[in-house]
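# Commentary on secondary and tertiary structure
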Amino acid sequence: MDLAWRNPRSCLVMLSPRLSVAALLLGSSTVLAGTAGSFAQGGSTLVSALLMFLGNEETVYIIDKAEGNAAQVAGHPAWGAKWDIATQQAEVMDIRSNTFCSSGMHLPNGSFINLGGNDGITINGAPGSQRNPDGTGQWDATYQDFDGRKSIRVLNPCGSTDDITSPQCSWYDDSTVLAMKSGRWYAALEPTGDGTIVILGGFTAGGYVNREFPVRDPVTQSGQAQSTYEYYPAKDVAPPLVNFLVNAGGLNAYAHMFLMPSGNIFVQANRSTMLWDHTTNSEFPLPDMPNGVVRVYPASGGAAMLPLTPANNYTPTILFCGGSTMADDAYGSYGGPQVETWNVPASNDCQRITPEPQDNSPPVYVADDNMLETRTMGQFVILPDGTLLMINGGLNGTAGYVNATTDLFITETPFGPSLASGPVFTPAIYNPNAAPGSRWSNQGLSASKIPRLYHSSAILLPDASVLVAGSNPNADVNLTTEFPTEYRAEIFYPLYFSASIRPAPTGMPKTLSYGGDPFDITIPSTSYTGSSNDAADNTTVVIIRGGFTTHGMNMGQRFMQLNNTYTVNKDGSITLHVSQPPPIPNIFQPGPAFMYVNIHGIPSNGSYLIIGSGQIGLQPTAPPSVLPASVRLDSAVGGTGTGKNGTSTDSNSPPGGDKKSSNLGVIIGAIAAGVAVVAILGALIAVFLARRRRAAARLPPSKEYPLSTAGAGWTSHNTESSVFVPLAQAKYDDTWDPRTSSINAPYMDEHRATSSIGSGSQVFGEYDPYSGQPAQSHALPPQPGYQTPPSGFR
């Protein structure tokens, strides 16, 4: 029997994951569920997963655009939710402004920000009932969403036992207090080595590509393009113009950004590439993307930084795969494309580039293995074993949707509003260390049955599975079109879930520093079988930040392998001596991450930690860790002893199971007699069925039932119908409550308090509810051991 980690929704585990742990303790030696390489149901997300991020070991946060979801919160459709990993149940959260095609990033203390979006809208994306002077929506009486283009939303992730309606766990979303200097839709984000967020580009009012037709004003596109950058926390300067974005000719939305060890940022848009010193706004041109492939939205190719390892001396290499080779004119303008995009095959081309070679050679693009199929909107998720999962997307077309009644060039679309066709249902694995010609494979991987096109997302979970959700190429909720609004989540189980034994390390740290003393992790002998020396030789310790996922990107995603040596002990346990991250914060920026221990490519459960000081500012560094020599022991073997807590591994823990159970052994002998077991299991099942009946009432309606605007069948944390009315001008104080703050009139940009657009000390000094830190300098000096771009590339 396959002892792989399995889906808690089948067979015995019709119990909830937390109850199934009790069943294990009562005598079950296996947990049945989904197979390695396959998809399993993940419940409902309640709102379509346009954006997602992993907040902690228990919770994934989901953000939708403002639209007519049946799920209600505070008297209006919900477009925020939290998804509990253990129960696979979602709960709505209140977000007040329109988050459509916004951006997100982590902060050093583990909080997250969500920036920008679109104006306040109503049904089918039309401007809201109260208008800005330019005709865009300021607020809407139906959806009760506010203009979100300048919004800075902040969230402190909380646990399953916390009250998500409390101010400490709720989204802070009040642009009268905290706002960007410029409205930005489709902006790119990247953190610096001190935790400051660089915010680059964007639209000011929306559209397909960031240009008018014909072009009359190439710099601002008659006020519709935001080719500037700013920071969070804010700096006391006007947002400077970035010529690179202007020269990208409109194909500059969601530019791909990756911080380099030097402190410069690698930026790719249209077919252009640069290294950028944001501190001086200096651009260092790099070679153009080969073969005429566009990777940014709406071509939407996949992009990821390959794993940073001791073997490559932590030198970043960026991988691009897929996108589109459509001619530049075919992308049209804000109004939409000039061709029938769904008939245009996407690209399968892959290219690598190392922007800062350590030998100071000129950076160049290097052709990599082509993907197994063409993809637009395909997404890379870096797995703990150092391979990259490519998932979601379509064979043809681009991201985006179109309204055929208003588009200038398209009068009929065979796939509803979708500009893409041919959903790719089967994921693929890219192995960056395999020989050229053999890096891609989908052997052993099953196909999903759910199209995941525009507005789909995927993110790594702590148990090393992948949450896949979203897809909504529609202006508003549409459950009957070819590619409908999608609420169903899936869990994808990579091939390493076929392993019968999974590492169960102890001593995982809660914080890491940049350089400094190493630390020890213990691997019990039950975490592997065979030679202890062999297991130790094939053990890696890695930290992964899954990023903030949207539009086929994971903003901030990084993978770093920490250096380690080991001591093999007589009982077969292995003590790993692990280095801290290198003393260069630019390589892996401060903030939250998960640590995994792999043995022969089989990962442990991830353990949450914080890297760095937890504050925005210059990060403390220390000399690199000095590790002792490895100590081998030929007589030691695994699989015969017990771990530190007397258990074996957790390889049979249900995916997303209770954290406290994740270190329990997978093979627990029969403990109780049959009658007692049946009696107890019967009681547990009764409890589960009662919970299931309650949960069923919270599931979104099926396609056979119409949407409801009354919120029937939905629970809300605040049932007062008068709570969500237009905002007032209110000054922030420490007693801010998102349910009751500012409830008299919609805000207007020109009425904001000075602090909302003032200096960094004004904004950050007045409001950062979680870090409590004053404003800090945003720039780090160039780090020793790394060179600025060669003069030939300036």
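Let me sum up the structure you'll find in this document.

What counts and what doesn't
Residues numbered from 1 in each chain as written. Predicted model: local features only at pLDDT ≥ 70, side-chain atom pairs only at ≥ 80, totals over all residues. Heavy atoms only, no water. Salt bridge = Lys/Arg side-chain N within 4 Å of Asp/Glu carboxyl O. Helix = DSSP H or I, 4+ residues; strand = E, 2+ residues; numbered from the N terminus. Buried < 20%, exposed > 50% of the residue type's maximum accessible area, 1.4 Å probe, protein only. Disulfide = S-S within 2.5 Å. Contact = heavy atoms within 4.5 Å. Polar contact = N/O pair within 3.5 Å; in protein donor to acceptor, adjacent residues only side chain to side chain. Pairing = 2+ DSSP bridges.

Here we take up the pattern of salt bridges. In total, this model carries 15 salt bridges according to the counting rule given. For Asp-349, the salt bridge is made with Arg-295, and the minimal N-O distance between the two is 2.6 Å. Of this pair, Asp-349 sits in the loop between strand E21 (318–321) and strand E22 (350–353) while Arg-295 sits in the loop between strand E19 (282–286) and strand E20 (302–305), and the two are 54 residues apart along the sequence. In this structure, Arg-375 engages Glu-373 in a salt bridge whose closest nitrogen and oxygen atoms are separated by 3.2 Å. Overall, Arg-375 belongs to the buried group, its relative accessible area being 1%. Overlapping salt bridges, with partners in common, bring together Arg-352, Asp-368 and Arg-439 in one network.

What follows is about the state of the cysteines. Among covalent bonds in proteins, the disulfide is the one between the sulfur atoms of two cysteines. Under the criterion given, the structure shown has two disulfides. Shown here is the disulfide that connects Cys-158 with Cys-169, its sulfur atoms set 2.0 Å apart. Note on the Cys-158 and Cys-169 pair: the S-S dihedral is about -95°, so by sign convention the disulfide is left-handed. Taken as a pair, Cys-158 in the loop between strand E12 (152–155) and strand E13 (188–191) and Cys-169 in the loop between E12 and E13 lie far apart in primary sequence, eleven residues in all. Through a disulfide, Cys-321 is tied to Cys-350; the S-S separation comes to 2.1 Å. Its torsion about the S-S bond being 120°, the disulfide of Cys-321 and Cys-350 is classed as right-handed.

On to the environment of His-577. Topologically, His-577 is positioned in strand E41 (residues 574–578). Classification of His-577 by relative accessible area gives buried; the value is 10%. Through-space distance from the C-alpha of His-577 to that of Thr-522 is 9.0 Å; in sequence the pair is 55 residues apart. Among residues more than four places away in sequence, those in contact with His-577 are Phe-519, Asp-520, Asn-563, Asn-564, Thr-565, Tyr-566, Thr-567, Leu-627 and Pro-628. A polar atom in the side chain of His-577 sits 2.9 Å from the side chain of Asp-520.

Time to look at the side chain of Gln-589. Its place among the elements puts Gln-589 in the loop between E41 and strand E42 (591–599). At a separation of 3.1 Å, a polar atom in the side chain of Gln-589 contacts the side chain of Glu-190.

Taking strand neighbours across the sheet as the criterion, the four strands line up as E24-E25-E28-E29 in an open arrangement whose pairing is antiparallel. Edge positions in the open sheet fall to strand E24 (379–382) and strand E29 (440–441), since each of these has one partner strand only. Looking at chain direction, strand E25 (residues 388–391) and strand E28 (residues 428–430) are connected through three bridges and run antiparallel. Within E28, the position partnered with Leu-388 by the bridge is Tyr-430.

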